[in-house]
Amino acid sequence: MALEPTFERDGDRIIPGEAARGPWSRETVGGGQLTSLLASGVERHADDDLHPARITFDLFRAAPWAPLALTTHVVRDGRRIRVVDVSLQHEGVEVARASGLLIRRSQEPPGQVAQPPSNAMPAPEGFAPDMPLDPKAKRDPRAGESRSVRRTGGAEPAIRWIRRSAPLLPDHELTALERVAATADAASPVSNRSDEGLYFVNPDSTLLLHRLPVGEWICVETVARGAADGVSVATCMLHDTSGPIGSATVAGVATALNELIGRRASHAPGA
């Protein structure tokens, strides 16, 4: 039996399915599902020669679990780059947006460039699947899973392998860009959860890729984090089973858990 897509189409409208429900409230769409959907809008304007090198996501409102509309606009179409804006709306109100930078592929120049220290990731097959965050969630286990490589002081693992398989929309299989965009949203919980829980919500994230991932498994590795006065900034390296592919950077705002759930459940702005 085929996997159910995360979203369905109804004319120009995009209808969230059960797999699109978010972890904070079942009446909102999850952040990873939103970033994957926005990335699909950027990808509409890519081709074999244009590489999606950077996508910045703004998740400034809680997107309700309701019909959505996706629009795209080419801001700049030059000889070497293309810049695309993507907007996601509910009933005419923008709930999230993205800006994508596409760079035309060319030849690697000569010469040696200084490289950061090598940090080979253990393969995901050597680790047991994590327990689901919401045991009551009715999701097909074939659609995805995560495996934690290292735990630190009872907090969220600093390294996590994530596999996503379910198609985003019914008319095509999950693309490499849609997969990594959904996975990169995990940079926030992987870097911000403490031994007391997760009290940071990320109103943004930036995905940087020097190449697209190969295969279903993507690793999110926290490499830098700082926080002061309830504001956190963290960077995670992204790997596939062949090596590094790029990074994801997130800004987080500290919010009391009961306040966060209340805000998202009421469809009010999340930040």
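Computed from a predicted model, the values in this text were never measured in an experiment.

A.B. asks: Explain the overall build of the protein to me, please; I cannot follow it from the model alone.
C.D. replies: Counting its regular elements, the protein contains four helices and twelve strands. Relative to its 271 residues, the protein shows a buried fraction of 47%. Here the contacts in the protein between residues at least 6 apart in sequence split such that 63% fall between residues at least 24 apart. Roughly 13900 Å² of accessible area belongs to the protein as shown, and the carbon and sulfur atoms make up 53% of that amount.

A.B. asks: Got a minute to help me understand helix H1 (residues 31-43) in this structure?
C.D. replies: Residues lying three or four places apart along an α-helix face the same way, a consequence of the helix completing one turn every 3.6 residues. The first and last C-alpha atoms of H1 sit 18 Å apart over 13 residues, in line with the 18 Å expected at 1.5 Å per residue. Within H1, twelve of the 13 residues are buried, which leaves it mostly tucked inside the rest of the structure. Taken as a whole, H1 has its buried residues at Gly31, Gly32, Gln33, Leu34, Thr35, Ser36, Leu37, Leu38, Ala39, Ser40, Gly41 and Val42.

A.B. asks: Would you explain the pairing of strand S4 (residues 69-77) in this entry?
C.D. replies: Two faces belong to every sheet, and in a regular strand the side chains alternate between them. In this sheet, strand S5 (residues 81-90) lies alongside S4 in antiparallel orientation, the contact comprising eight bridges. Along S5, the bridge assignment pairs arginine 76 with valine 83.

A.B. asks: When you look at the side chain of arginine 179 in this model, what are you seeing that I'm missing?
C.D. replies: In this structure, arginine 179 sits in helix H2 (residues 176-184). One buried charge, arginine 179, has no salt-bridge partner; the nearest side chain with opposite charge is glutamate 216, at 4.4 Å. When residues no more than four places from it in sequence are discounted, the contact partners of arginine 179 are Arg164, Ser165, Leu174, Gly215, Glu216 and Ile218.

A.B. asks: How do you make sense of the environment of glutamine 33 when you look at a structure like this?
C.D. replies: Structurally, the position occupied by glutamine 33 is in helix H1. Separated by 27 residues in the primary sequence, glutamine 33 and threonine 6 have C-alpha atoms spaced 7.6 Å apart.

A.B. asks: Explanation requested: the packing of aromatic side chains in the structure shown.
C.D. replies: Any aromatic ring pair is given by two values, namely how distant the centres are and how the planes are angled relative to each other. In this structure the tally under the stated criterion is zero aromatic pairs. The ring centre of tryptophan 65 lies 3.4 Å from the NZ or CZ of arginine 21, which sits over that ring. In this structure, arginine 225 packs its charged tip against the face of phenylalanine 200, placed 5.3 Å from the ring centre.

A.B. asks: Can you walk me through the environment of glutamate 8 in this structure?
C.D. replies: Its location among the elements puts glutamate 8 in strand S1 (residues 7-10). C-alpha of glutamate 8 to C-alpha of leucine 169: the two residues are 161 residues apart in sequence and 5.8 Å apart in space.

A.B. asks: I keep staring at the pairing of S1 and nothing clicks. Help me out?
C.D. replies: Direction of pairing for S1 relative to strand S2 (residues 13-16): antiparallel, over a ladder of four bridges. Bridge pairing in S2 places phenylalanine 7 opposite proline 16. Where S1 hands over to S2, the hairpin turn is made up of two residues, of which glycine 11 adopts a positive phi near 65°.

A.B. asks: Help me understand the confidence of the model for the protein in this model?
C.D. replies: In low-pLDDT regions, the fine details of the predicted coordinates are not to be read closely. Per-residue confidence for the protein averages 86 on the pLDDT scale, and 86% of its residues sit at or above 70. Segment residues 263-271: pLDDT under 50, and 24 contacts once partners within four positions in sequence are set aside and those in other chains are kept.

A.B. asks: Help me understand the nonpolar core, please; the structure alone is not making it clear to me.
C.D. replies: Counting residues in each nonpolar core, the largest one holds 44 residues, and the members touching the most others are Phe7, Leu38, Phe57, Leu88, Val180, Leu207 and Leu238. In this structure leucine 38 touches Phe57, Leu59, Leu70, Val86, Leu88, Ala96, Arg97 and Ala98, once residues within four positions along its chain are discounted.

The rules behind each value
Residues numbered from 1 in each chain as written. Predicted model: local features only at pLDDT ≥ 70, side-chain atom pairs only at ≥ 80, totals over all residues. Heavy atoms only, no water. Helix = DSSP H or I, 4+ residues; strand = E, 2+ residues; numbered from the N terminus. Buried < 20%, exposed > 50% of the residue type's maximum accessible area, 1.4 Å probe, protein only. Contact = heavy atoms within 4.5 Å. Areas by Shrake-Rupley, 256 points an atom, 1.4 Å probe, with all protein chains shown as cover. Expected span 1.5 Å × (residues − 1). Pairing = 2+ DSSP bridges. Lys, Arg positive; Asp, Glu negative; His and termini not counted. Salt bridge = Lys/Arg side-chain N within 4 Å of Asp/Glu carboxyl O. Phe/Tyr/Trp six-rings, centres within 6.5 Å; stacked < 30°, edge-to-face > 60°. Lys NZ or Arg CZ within 6 Å of the ring centre and 35° of its normal. pLDDT = per-residue confidence, 0-100. Core = buried A, V, L, I, M, F, W, Y, C linked by side-chain atoms within 4.5 Å.

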